[in-house]
Each structure stands twice: as structure tokens, then as C-alpha cells.
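Results of the structural survey
This is what each chain is made of:
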Amino acid sequence: MSLMGDTMSKRILGLFRNFFRKRAVEQALDDELRSAVEVLTQEKMKNGVSRSVARREALIELGGVEQVKEQTREVRAGHFLETLWQDVRYGARMLCKSPGFTVVAVLTLALGIGANTAIFSLVDSLLLRPLPVSQPGKIAFLFSTSKNAGTNTRFSHPDFLEIQKQTSSIFTDASALLPFNMDGLSLGAKSQPMWTSYVSGNFFSLLGVKPALGRLILPAEGSVVGADPVVVISYSYWKSRFNSDPSLIGKRASVNGHPVTIIGVTPQGFHGLSNLIDTQGYIPLAMASAFKDAPSNFLSDEKDSGFTVISRLKPNVSFVQAQPVLQVVAQRLPEQGRGQRSLHAVYLGPDGFTIDRTNTGILTVVSSLFLILAATLLILACLNIANLCLARAAARRHEVAMRAALGATRGRLIRQLLTESLLLAILGCLGGIVLGIAAARSMGSISFHSVLPIVLDFRFDWRVFTYTLAAAVFTGILVGIAPALRAARGSLNEILHEGSRTSATARHRLRSTLVVAQVGSSLMLLIVAGLFVRSLEKARHADLGFDPNHVLNVTVDSHEGGYNETQAREFQETLLDRARSLPGVQSASLAASVPMATGGGSGYARLKIDGYQPPKDQENPGVAYNAISSSYFGTMHIPLLRGREIQNSDTENSQRVAVIDQTMAERYWRGRDPIGRHFSTKNDPGHPMEVIGIARNAVEDDILSADEPFFYVPLTQNYDPVVTLQLRTSSAPETIAPEVLGMVRSLDPAMPVFDVMSMNTGLETFNGLLLFSFAAAIASALGLIGLTLAIVGVYGVVSYSAGQRTHEIGIRMALGAQPSQILKMVLSQGFVIVAIGVLAGILSAAALARLVSNFLFGIAAFDPLTYISASLLLAAIALLACYLPARRAMRVDPMIALRHE
């Protein structure tokens, strides 16, 4: 091994030694050739010929001095480095000689590469970047399957202990947690919402995470109820809420009114078990009994199956190898009376607890779509630059042919021209990185109007760099290969006799083909952008079933304030009464969830409905619901079609009641009157609910599931500590917000208040209009850039063609052709290019229709209006671009044109 290393080092040193001794080596080669020529010349002169004739014959016999030099250099060690450096220097000089071309090309490529960098950084953040833990590929989470209960990602704590005990052969460790809880952290007189996970003591050691400050939860903590009142906060929460104050460690605070000690801060970039949602606090598992009002025996209760289980595979164990052991463990669990199940372990990716990664989820579809659009834009930019390079190569044919005549091989010429295009691509890559980072930061600053701490971390990591570099290399080759191959075919004789138009015609045909591809790609981007924009408009003007105008939302969490259920009910009642008496408030109500609120979604329950029998092999229907106060339907302007609405008389001790929507009435009581009928939930079968009214359908969870069944229950009968106060105002809702906040502070200065916003602003969420707006903005930006590049390409080809035909135009005009005929002749060429490109664009957009249709609302993926409008817009602008060179051509002076060549 040492001998091989020494040999390799000597070879490398030899290459660089030859490279830096170039002048001496070249001089020696020149002297040697001169000597050989002189020897041959002397031998020829012995035959009686003159010295000049003898020297000429000697040179012919040798094959040319420069050719021999080139052949000698090619077999010399270090030749590749030498010629590469020559090509780079020469390419840089040629680009500097054409600053206009270079600037346009670099900016065009920077736009294409920048768009791809920004989109890929989004994909990297959501789908590719692994969790920032030790050996993330070994982290798994468990789920179970059974015939009766289907798929379940939650376990009881006794199940977890049994699994941990019996899987030591495949797992180094396993940990249980209660993820994504809404708690309140109070420090002094200030209380702030905090999304937490209750974790077993080995959580951080299993992940291999080290603290940025203080310490993390220890393996010995979290197993005894009430024994470890500590909290670890995330780096981003520490930075945003506490201004990175290092003295925070060791301070006493409270969580939901219970005292805790802040012991540490997680490392920067660690957001928990999902890269999309930031877990802001970590609390020992057993403390959930006090902080979340869980039963004191929840760690030993076999029926309390709310725990998520994660594990770390041993270094020599794969997911496939672990499965047989898990099957054995699953067979042992029924002996403890826990039901027949199968256990499975799957990779814990950056998007969190996704069971089946072979299915195409919404994030994968979104990523695929926008990567395709960004790649299309990059190809558009490449086609544009390739057209410019073709024109430039045509102007350099004499130079290339002369170099070939002087001994340059075809491969060397192609490499030289490709080096220039790669230099352009590298410069474009640098500009694209700057633009991409700026665009990614702009996307990362989007406000989600959500109680969820959503994270969009668009870091420029090695994956983004590799993708950008690969895009640059691909761009350089795509841009330069056609011009390089075409230019390298030239010969001196061909160029000297270039009276015919054959080569010019072939070049023009290739450039026209490239422009057709540009027009088609640009139209595809425009159509997709048009579909997204129209979809956004449809969503903005959709009938939501309620009126969001003049409604203010204010969310409070009594549990975070340390209130028990009795105190919270009293506070909510007082809050509602005081709010109704505020000036400018027309109506006020409370609700456990807000329509289309991310993270504040409605409840969900499996129902047993009197008189309804679910189909065989199907479970009882699952239906979403909302807990509301009286006057909710009046505040939200949701019409009550039949029966009565929820009233103050519907108390905790009265008959359980519910108001259902039209879809629920038609689906489960088709042909019957649901008023007065009953249904119950699977979790509370002993308290059936009586249907007292039917409300009009309204969008609750998200705009795409408006036709799903839904029902409303009294908040007094379904307690929830987190409620949203909704006020319908006579003026702009934002104007009354300070007064409402003052009212809440007067009731309790420490009450956590968040998500104070108008209903219209609150609709701009993941479940609402945010994805539509986001998609429309990105697609529109890509479409406009693509349109600009296509127009530049059309203008360039038609203008170049008209310039090449100046002599022909002069002859036609001298023979009596009218300017209108010249205009028609030039425009017809552009019309054919645009027409073929439009047809190609329509077909390309149709091919993407199925992928695009997943994100459209209110319109079809083959919407005729969008296709026709985008086609006419592109055609009109493209023909206008054709008109400018055509108009210039028809004004040519025939005498000047006849002398043109």
C-alpha cells in the first residue's frame, strides 16, 4: 500500500513538474523538430534540388511542424492539465471580448439555476434532509396492525415496556413519547404558548442529541409521576421568545400553572421528530399526569394507548432483519391480554410519522410538480443560450476552421467550445446560488397564521449544492454541445467556398427548432400558472357556508394559565358575556376550533347512529365535529335550515344534543327526518346525543373537504380549555382588537392569548388558501420568466433570419416587391414557429394535467379558458416580437441590400 502511494505521489508530482516546465519542454520540442527538418532538408538537397524545394518536401514528409507538435503533446504526461488550463484561459478571454453576450447569458442561466436552487431547497427541507441526530437512517418508529383495529401508531405504556424488553436483540434502545401537545410556559408575569413533547428519559440519548446550553433530560428521569418537574426548550424558542438569554438555564418557571425548572436548550437546527414542525419544549413523560391532567395511573393503564414509540436499530441490523423479531414480540403481547397484533418498524424520515413511504403523499406530489416546472424553466434558459451560442459559433466559423487547418483536432475544438459554455454555466451557477438563496429566504419568511410552529428551514446544504452544481454542468453541456459539434465540422475549404446557403439554412433550421421548444415550454409554464391563478380566484370566491368578513378571532388557553376545568368554564362564560357588551360587537361566540385553522382542527369521533348500519367489513363512520357556544351560527352567519340551534339551556347536566349539517343528514338519514333521532360516540356510548337542528353545509377542516359530514355540539357539554372567541363587528375587526385584549387582561393578566387576527387573515392557512396562494405565486413567477425567455428567443431567430436574408430582400424589392409583401414573408416564418410551439405547449400541459389536478379547486386540469387564454397571450406577444424585425426588414434600402453580404 505504501509503495502504491509513493508511486502515485511521484506520478502526480511528475505531472505538475511537466506542467510548470512547459516553456523548457516546448523549447526542446521545437529544437528537436527543427533539427529533424534540417536533416531531411540536407538529404533532399543531395539529390540536386534547391534548398527551398528540399525544405518544402521535408516539411511535407514530416506532416507539418505544428501537427507533429500537437501529436507529441497529446502523449506527453500532464498534457490534459496543460490544455485544460489553456482552454480555460482562452475561453475566459473570448467571453471578455463579448461582454454583452456574456452578461445576457449569465443572467439568463442565473434565473434558471436560481429557480431550481430555490425549489430544490424546499424539497430538501421537506423530504430529503434527514433528522439532525446521530445516524438518522437507524431511527425507526413502530406501528401495529390488526384485523379489528386497522393500523395504529400509538401504544399503551405497558406495551412499550414489553416491546423495549423483548427487542434488545435488534434495538439498542426504545423510547416512548406523547408528541405535539399545546402547553403554556410562564416566566414571571408573562405566559407563552409552547408546543411540547412528553418524552421518556432516554429520548435524547437514543437520538444522540447534545445540548446547546445546560443539560437534557436524563435516562433516570421521567418514570415516576411528579418526580422530575423540569423542561428543556428548543433553540429557536429560546432565541425568539427569550432573546438567547443564557441566564435562563436554572430559572424557575411554570407549565400550565405547575412549577418547573428550565434545565437546557436543544442544539440549533433540532426541531424534534419532524423537520416541518418545531417541538418547542420537552418534558419528562411522567409529568403529563400533572401538566395534562392525565390519570395518575396512565403509565400502567393498558387501555391508555396514546404513546408513540421510537427506536434505534443496532448497527448490523436492517429494517428487514428486524421484522421477524417484531413478529415474535407481537405474538407474545396477546398473552398479556392486549389483543392480536402485528408489529412493524419503519424509517423515521424528516416529514415525521409517515407509515407508508411508497405512497405518493401530498408533499411528494407538490415537490415533483414544482421540480418539473423549475427544470422546464432551466431547459428554456438553456435553449435560449444555445440559440445565442449557435449565432456566435456561426460568426466564429473562420476562426475554428483556421485552427483546424493549423492542426487542431476535432475533439480538441469541441472541448475548447464546451469549456467556454461550462465557464458560462459556472458563472450562471454562482449567480443562481445567490438568487436561489434569496428566493428561498423569501419563501421561508411566509407567515402561516397558524398556532403550529411550522418551520421552513431552507439551508444551503451539500444536497442543494450538489443539485445546483449538477444543474450547472448539465446546463453547460446542453448549451454548448450543439454549437460545438456544428462549429467543429467546418473546414477551411468549405468556408472559403461558402457561397451556397446550405450551411446557413441548416443552422437556421436548428435555431428554429430550438425556438419551437422554447415556445412550447413557455406555454406549458403559462398554462400551469394560469390554472393555479384561476384556482386561487375560485377558492377566494368560493361559497364557504359562512361569512368571514368583519369577524375577529382571539384564542385563549385556560389550561396554560393553570386553570382547572371548573375555573376554566367560569372564565369562558365571563369572557363571552364581557365580549358581547363591547361597543361595536354585533355578536360573539366561543368555539373549540376555527374553520380551516392549521393545528386547531376540529374533533373527530367514531359514531354509532340509530337506524344506520355501516357496510360489511367497515367500521362505524368517523365524523368531524366542533364544540360551540350559543350564538355561534349567528356570529358565523351559518343558516339554520331546520330545528333549533345550541342555546344556553344546553348545559352539562341536560340532555346531550347536536346540530348536524346537510351532508350528515343526507348520508345517514336519507329519506328520514333526523330531528329528534340519536347517535353516540365510540368513546362515550353512555351519553347519546339528540339531533336538534340541521345547519347548512360549511367548510370546517379544509376547503377541499367541504362535502364531508359534520356536526356541532355544545361547548358546555364538551369541555375544551382552548377556545377561540369570535366577534362579529360593525367595523374593521382589527380596530377592536386592542380593546378585546385589554378586556382579557383585565380578567386575568397572565392568561395566554394568541392568534389574534381577522377571520379573513385566518383563512390564509395550510388548510385554507395558503397552498393555493403559494402555488400560484411560484407558478406565475416561473411562467413570466419562461414567457420572457421565449419572446427573446423568437425575436432573436426572426431578427437573425431577416438579417441573413437582407440580400434576398433587396433583390425582391428591386424586382418590385411591396413592403407589405416583405412584412408578410418575414412574419410568416415567425407565425409557423409560434404555431408549432403553441401546439407543443398545449400537449405538454395536457401531459402534466393529472399531476396538476391534485392542487386545483373549482376548475378542471383541462380548463379550456385557461388553455385558450394562455395560448393567445403567448402567440400575440410572440408575433409582436416577430413584427419588429419584419418592420425593419421592409424598410431596407434596395441599393444597400444588394451590396450586403
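Quick look at the structure, then. Predicted model, so just to flag it, every value in this text is computed and none were measured.

Brief notes about the overall build of the chain
The secondary structure content of the chain amounts to 28 helices and 22 strands. As displayed, the chain offers around 41100 Å² of accessible surface, 59% of which is attributable to carbon and sulfur atoms.

Quick word on the pattern of salt bridges
Going through the model one piece at a time under the given rule, you end up with twelve salt bridges. Here E565 ties to R569 by a salt bridge, and the two come within 3.1 Å at their closest N and O atoms. Pair noted here: E565 and R569 are both in helix α18 (residues 565–580), with a separation of four residues, about one helical turn.

Some points on α18
Each α-helix turn comprises 3.6 residues. Residues three or four places apart therefore point the same way. Given a rise of 1.5 Å per residue, 16 residues ought to cover 22 Å, and the 23 Å separating the end C-alpha atoms of α18 matches this to within 8%. All buried positions along α18 are accounted for by A568, F571, Q572, L575, L576 and A579. Viewed end-on, α18 has its buried residues packed into an arc of 130°, placing them on one side of the element. Facing away from the buried surface of α18 by more than 90 degrees, the exposed residues are T566, E570 and E573. Here α18 starts with a cap whose side-chain oxygen sits 3.2 Å from the backbone nitrogen of T566, and that cap is N564.

A closer look at helix α21 (residues 733–747)
With 15 residues, α21 extends 21 Å from end C-alpha to end C-alpha; this agrees with the ideal 21 Å at 1.5 Å per step. P733, I736, A737, V740, M743 and V744 are the residues of α21 that are buried. The inward-facing, buried residues of α21 contact β12 (551–557), α18, β13 (585–591), β21 (722–729) and β22 (753–758).

Quick look at the pairing of strand β17 (residues 657–661)
A regular strand carries its side chains on alternate faces of the sheet. The buried fraction of β17 amounts to five of the five residues, a majority that puts the element mostly inside the structure. As judged from the five bridges shared by β17 and strand β19 (residues 689–695), these two strands associate in the parallel manner. Residue pairing for β19: A658 is matched across the bridge by V691. Bridging between β17 and strand β20 (residues 710–714) involves two bridges; their strand directions are antiparallel. Directly across from V659, in β20, lies its bridge partner Y712.

Some words on unusual backbone geometry
Of note in this structure, Q135 is not a glycine but carries a positive phi near 45°. With respect to the helices, strands and loops of the structure, Q135 is situated in the loop between α6 (99–128) and β1 (139–146). Given the relative accessible area of 53%, Q135 is considered exposed. Its identity is not glycine, yet S631 carries a phi of approximately 70°, on the positive side.

Observations concerning the environment of V528
Mapped onto the secondary structure, V528 falls in helix α17 (residues 502–540). In sequence terms V528 and A779 are 251 residues apart; their C-alpha atoms lie 6.8 Å from each other. With residues near it in sequence (within four places) discarded, V528 still touches L373, L848 and V852.

A look at the side chain of D748
Take D748: it is sitting in the loop between α21 and β22. Buried charge without a partner: D748 forms no salt bridge, and the closest opposite charge is R745, 7.2 Å away. At 2.5 Å, the side chain of D748 forms a polar contact with the side chain of Y563. In contact with D748, other than residues within four places in its own chain, are Y563 and F571.

So, the nonpolar core
The biggest cluster of nonpolar side chains holds 96 residues, and the ones touching the most others in it are L373, F532, F546, I638 and Y712. When residues of this core are assigned to their parent elements, the largest contribution, 14 residues, is made by α17. Within the second largest apolar cluster, 42 residues are counted, among which are F171, L178, V255 and L299.

With respect to the packing of aromatic side chains
Under the definition given, this model contains 19 aromatic pairs. Here Y632 and Y712 contribute two aromatic rings whose centre-to-centre distance is 6.0 Å and whose plane-to-plane angle is 45°, an arrangement assigned as tilted. Highlighted residues: Y632 in helix α19 (residues 632–636) and Y712 in strand β20, separated in sequence by 80 residues. Here Y632 and Y712 have matching classes, each one buried. An aromatic cluster of at least three residues, connected via ring pairs, comprises F203, F204, F270 and Y282.

Digging into a nonpolar patch on the surface
A cluster of nonpolar side chains, L422, F460, F465, L469, V473 and I477, forms an exposed patch at the surface whose accessible area comes to about 480 Å². When residues of the nonpolar patch are assigned to their parent elements, the largest contribution, four residues, is made by helix α15 (residues 462–488). For F460, the position within the fold is in the loop between α14 (410–444) and α15.

As for the packing of α18 against α21
Two measures define how a pair of helices packs: the angle their axes make with one another and the distance between the axes. At a minimum axis distance of 11 Å, the contact between α18 and α21 shows a crossing angle of 140°. When the axes of α18 and α21 are compared, the pair comes out oblique. Regarding α18 and α21, the two cross each other, and that crossing is right-handed. Seen from α18, the contacting residues are F571, T574, L575, R578 and A579; seen from α21, they are M743, V744, S746 and L747. Of the residues belonging to the contact of α18 with α21, the class tally is six nonpolar, two polar and one charged.

With respect to the side chain of D650
Position of D650 among the secondary structure elements: in the loop between β16 (640–643) and β17. Among the residues examined, D650 registers a relative accessible area of 5% and is labelled buried. At 2.9 Å, the side chain of D650 forms a polar contact with the backbone nitrogen of Q647. When residues no more than four places from it in sequence are discounted, the contact partners of D650 are R644, E645, V657, I692, P714, T716 and Q717.

Regarding the environment of G114
Here G114 lies in helix α6. Here the alpha-carbon distance between G114 and G436, two residues 322 residues apart in the chain, equals 4.1 Å. Apart from the residues within four sequence positions on either side, G114 is in contact with L109, G432, L435 and G436.

A short note on the environment of N683
Here N683 shows up in the loop between β18 (678–681) and β19. In sequence terms N683 and L607 are 76 residues apart; their C-alpha atoms lie 9.0 Å from each other.

Conventions used here
- Residues numbered from 1 in each chain as written.
- Predicted model: local features only at pLDDT ≥ 70, side-chain atom pairs only at ≥ 80, totals over all residues.
- Heavy atoms only, no water.
- Helix = DSSP H or I, 4+ residues; strand = E, 2+ residues; numbered from the N terminus.
- Areas by Shrake-Rupley, 256 points an atom, 1.4 Å probe, with all protein chains shown as cover.
- Salt bridge = Lys/Arg side-chain N within 4 Å of Asp/Glu carboxyl O.
- Expected span 1.5 Å × (residues − 1).
- Buried < 20%, exposed > 50% of the residue type's maximum accessible area, 1.4 Å probe, protein only.
- Arc of directions from axis to C-beta.
- Polar contact = N/O pair within 3.5 Å; in protein donor to acceptor, adjacent residues only side chain to side chain.
- Contact = heavy atoms within 4.5 Å.
- Pairing = 2+ DSSP bridges.
- Lys, Arg positive; Asp, Glu negative; His and termini not counted.
- Core = buried A, V, L, I, M, F, W, Y, C linked by side-chain atoms within 4.5 Å.
- Phe/Tyr/Trp six-rings, centres within 6.5 Å; stacked < 30°, edge-to-face > 60°.
- Patch = residues over 30% accessible without salt bridge, like charges linked within 9 Å, V, L, I, M, F, W, Y side chains within 5 Å.
- Axes fitted to C-alpha atoms, helices over the stretch in contact; angles between N-to-C directions.
- Parallel < 35°, antiparallel > 145°, perpendicular 65-115°, else oblique.
- Left-handed = near helix turned anticlockwise from the far one by under 90°.
- Nonpolar A, V, L, I, M, F, W, Y, C, P; charged D, E, K, R; others polar.

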